[in-house]
Amino acid sequence: MQRQFKGFSEIATSRCNFFHLIDIDDEGRLRNVLWIHPISRVAYEDFHDVVSFDTTYLVNQYEIPFGAFVSVNHHDQSILLSCAFVTNEY
């Protein structure tokens, strides 16, 4: 987890508008991670009418659901807006 946090921090320092959020519980365990690339932030401004959140459930080695925020552009193509690992989907 320290490596992931360091990697996101380095990207945020080198790229303006890169956003990340890491949620850790009281015992120091990873709960949720969200990251948004600057290009995705710009795309959201243009294509925010419909946003879908979809998870692929427990397919990684840590059995944490991976979620993707997806929208549709003016060519009816899916565009990735954000990604997340979420321990609770409620």
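Since this is a predicted model, take the numbers as computed values, not measurements.

A closer look at the sheet that holds strand β3 (residues 51-56)
Strands sit in the order β1-β2-β5-β4-β3 across an open sheet of 5 strands; the sheet is antiparallel. Two strands close off the open sheet at either side, each with one partner strand: β1 (19-24) and β3. This sheet shows a mean twist of 20° between the axes of neighbouring strands, independent of strand direction. Where strand β4 (residues 66-72) lies against strand β5 (residues 78-86), 7 bridges are found, and the strand directions are antiparallel. Residue S71 lies in a different strand from β5, and its bridge partner there is I79.

Considering the side chain of D25
Considering the arrangement of structural elements, one finds D25 in the loop between β1 and β2 (30-36). Here D25 falls in the buried class, since its relative accessible area comes to 17%. Of the polar contacts made by the side chain of D25, one reaches the backbone nitrogen of E27; its length is 2.9 Å.

What to know about the nonpolar core
Membership of the largest hydrophobic core is limited to 5 residues, which are F18, I22, V33, W35 and C83. The residues contacting C83, other than those within four sequence positions of it, are V33, L34, W35, F66 and G67.

Observations concerning the side chain of S82
With respect to the helices and strands, S82 occurs in strand β5. Here W35 takes part through its backbone oxygen, which lies 3.0 Å from a polar atom of the side chain of S82.

Here's the deal with the pairing of β4
With 6 bridges joining them, β3 and β4 adopt antiparallel strand pairing. In the sheet register, V51 faces β4, and the bridge partner there is S71. In textbook terms, the turn of a hairpin is the stretch between consecutive antiparallel strands, and for β4 and β5 this stretch comprises 5 residues, one of which, D76, has a positive phi near 60°.

Some details on the confidence of the model for the protein
With 74% of its residues at a pLDDT of at least 70, the protein reaches an overall mean of 80. Confidence, read as mean pLDDT per element, is least for helix α1 (residues 2-14) in the protein (57) and greatest for β4 (91).

Observations regarding the pairing of β5
Note: β2 against β5, 4 bridges, orientation antiparallel. Following the sheet pairing, V33 is matched in β5 by F85.

Describing unusual backbone geometry
With a phi close to 60°, D76 is a non-glycine residue in the positive phi region. Within the secondary structure, D76 sits in the loop between β4 and β5. Judged by relative accessible area, D76 falls into the exposed class, the value being 68%.

Focus: the pattern of salt bridges
A full pass over the atoms with the stated rule returns 3 salt bridges. R31 is paired through a salt bridge with D23; the nearest N and O atoms lie 3.0 Å apart. Relative accessible area serves as the criterion here: at 22%, D23 is assigned to the partly exposed category. Between R29 and E27 there is a salt bridge, with the nearest N and O atoms lying 3.1 Å from each other. Judged by relative accessible area, which is 61%, E27 ranks as exposed.

Conventions used here
Counting from 1, residues in each chain are numbered in the order their sequence is written. Only residues with pLDDT of at least 70 are given local features in this predicted model, and only at 80 or more are side-chain atom pairs given and counted; all residues enter the totals for whole chains, interfaces and linings. Computation of side-chain values covers all heavy atoms of the structure but excludes hydrogens and water. Strands were regarded as paired on the criterion that DSSP finds at least two bridges between them. Note on conventions: DSSP H or I runs of at least 4 residues are helices, E runs of at least 2 residues are strands, and numbering of each starts at the N terminus. For helices, the fitted axis covers only the stretch in contact; all axes are lines through C-alpha atoms, and the angles between them, taken along N-to-C directions, range from 0 to 180 degrees. Using a 1.4 Å probe on the protein chains alone, a residue whose accessible area is under 20% of its type maximum counts as buried, one over 50% counts as exposed, and one in between counts as partly exposed. In the analysis that follows, any N or O atom pair within 3.5 Å is treated as a polar contact, provided that within protein one partner can donate a hydrogen and the other can accept it, and provided that, for residues neighboring in sequence, both atoms belong to side chains. For our purposes a nonpolar core is just a set of buried Ala, Val, Leu, Ile, Met, Phe, Trp, Tyr and Cys residues, chained together by side-chain atoms within 4.5 Å. Here, residues are in contact when the closest pair of their heavy atoms is within 4.5 Å. pLDDT is a per-residue confidence score from the predictor, ranging from 0 to 100. For this document, the term salt bridge refers to a Lys or Arg side-chain nitrogen within 4 Å of an Asp or Glu carboxyl oxygen.

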